[in-house]
Amino acid sequence: MMASRWARAVVAAAAVAGFALLSAPATAQSANVPKQVHLVMDGNKVMASNVRLNRFDELKHNAQERVREQRVGEAVAVVITNQRIIAYGVVSGWRSVDRSPNEQIESVAAQDYAGLIVTDQRMLNFNGETGVWGEQKRSVSRQ
């Protein structure tokens, strides 16, 4: 329990400091959440395979929208497109926020029920159980 709190604190500190987060190997904390979500690419379709609810949920694309990056955790998935930042929670389904013009993605992480996205303008976290996004603007002057 203490190790998982420490690991979360390190991830949060790295995000605040502006370091790129890399997909970390599964930890002991991840072993507590069984694998419940998979992303399936079917041609130009993105489908979430929801093992917990025994269904597939398709991500609806906007016109000219293209997938740029994706990450999958045990119960959450994050998809970055040229227009939106989209997350899928095993309980909440697909939820998206629009990208700002020229917003650059710096890191994307998905683990357990949580998604974390750091851009040059803001930090976003997604709770896959509630479907709620949290947002924190980043300071303009970074070195």
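Nothing here was measured: the structure is a model prediction, and the numbers come from that model.

S.K.: Provide a residue-level description of the nonpolar core, including the pertinent values.
M.R.: One recurring pattern in soluble globular proteins: nonpolar side chains tend to sit buried together. Grouped together as the largest cluster of nonpolar side chains are 14 residues, with contacts concentrated most on Leu39, Val46, Leu59, Val79, Tyr88 and Trp94. Only β1 (37–42), β2 (45–50), β5 (76–81) and β6 (84–89) provide two or more residues apiece to this core. For Leu59, the residues in contact, after removing those within four places along its chain, are Val46, Val79, Arg84, Ile86 and Trp94. Grouped together as the second largest cluster of nonpolar side chains are twelve residues, Ile80, Ile85, Ala87 and Ile117 included.

S.K.: So what's going on with the pairing of strand β10 (residues 122–127)? Which residues, and what values?
M.R.: The side chains of a regular strand alternate between the sheet's two faces. When strand β9 (residues 114–119) meets β10, the two strands line up antiparallel, connected through five bridges. From the neighbouring strand, Val118 faces β10, where its bridge partner is Met123. As defined by bridge partners, β10 adjoins strand β11 (residues 132–137) across six bridges and the pair is classed as antiparallel. The residue of β11 that forms the bridge with Phe126 is Trp133. Counted along the chain from β10 to the antiparallel partner β11, the turn is four residues long, and its residue Gly131 has a positive phi close to 75 degrees.

S.K.: Give a detailed account of the packing of aromatic side chains, specifying residues and quantitative values.
M.R.: Inspection of the entire model under this criterion finds two aromatic pairs. Aromatic pair Phe126 and Trp133: ring centres 5.0 Å apart, planes at 55 degrees, arrangement tilted. For Phe126, a relative accessible area of 2% translates into the label buried.

S.K.: How would you summarise the pattern of salt bridges if you had to cite specific residues and measurements?
M.R.: With the rule as written, the count across this model stands at eight salt bridges. Salt-bridge contacts for Glu106 lead to Arg138; the nearest nitrogen and oxygen are separated by 2.8 Å. Within this pair, whereas Glu106 is found in strand β8 (residues 105–111), its partner Arg138 is found in the segment after β11, the two being separated by 32 residues in sequence. Note on Glu106: relative accessible area 32%, which makes it partly exposed. The residue Glu135 makes a salt bridge to Arg122 at a minimum N-O spacing of 3.5 Å. Here Arg122 lies in strand β10 and Glu135 lies in strand β11, a separation of 13 residues in the sequence. Where salt bridges share partners, they join Glu103, Arg122, Glu135 and Lys137 into one cluster.

About the cut-offs
Residues numbered from 1 in each chain as written. Predicted model: local features only at pLDDT ≥ 70, side-chain atom pairs only at ≥ 80, totals over all residues. Heavy atoms only, no water. Core = buried A, V, L, I, M, F, W, Y, C linked by side-chain atoms within 4.5 Å. Buried < 20%, exposed > 50% of the residue type's maximum accessible area, 1.4 Å probe, protein only. Helix = DSSP H or I, 4+ residues; strand = E, 2+ residues; numbered from the N terminus. Contact = heavy atoms within 4.5 Å. Pairing = 2+ DSSP bridges. Phe/Tyr/Trp six-rings, centres within 6.5 Å; stacked < 30°, edge-to-face > 60°. Salt bridge = Lys/Arg side-chain N within 4 Å of Asp/Glu carboxyl O.

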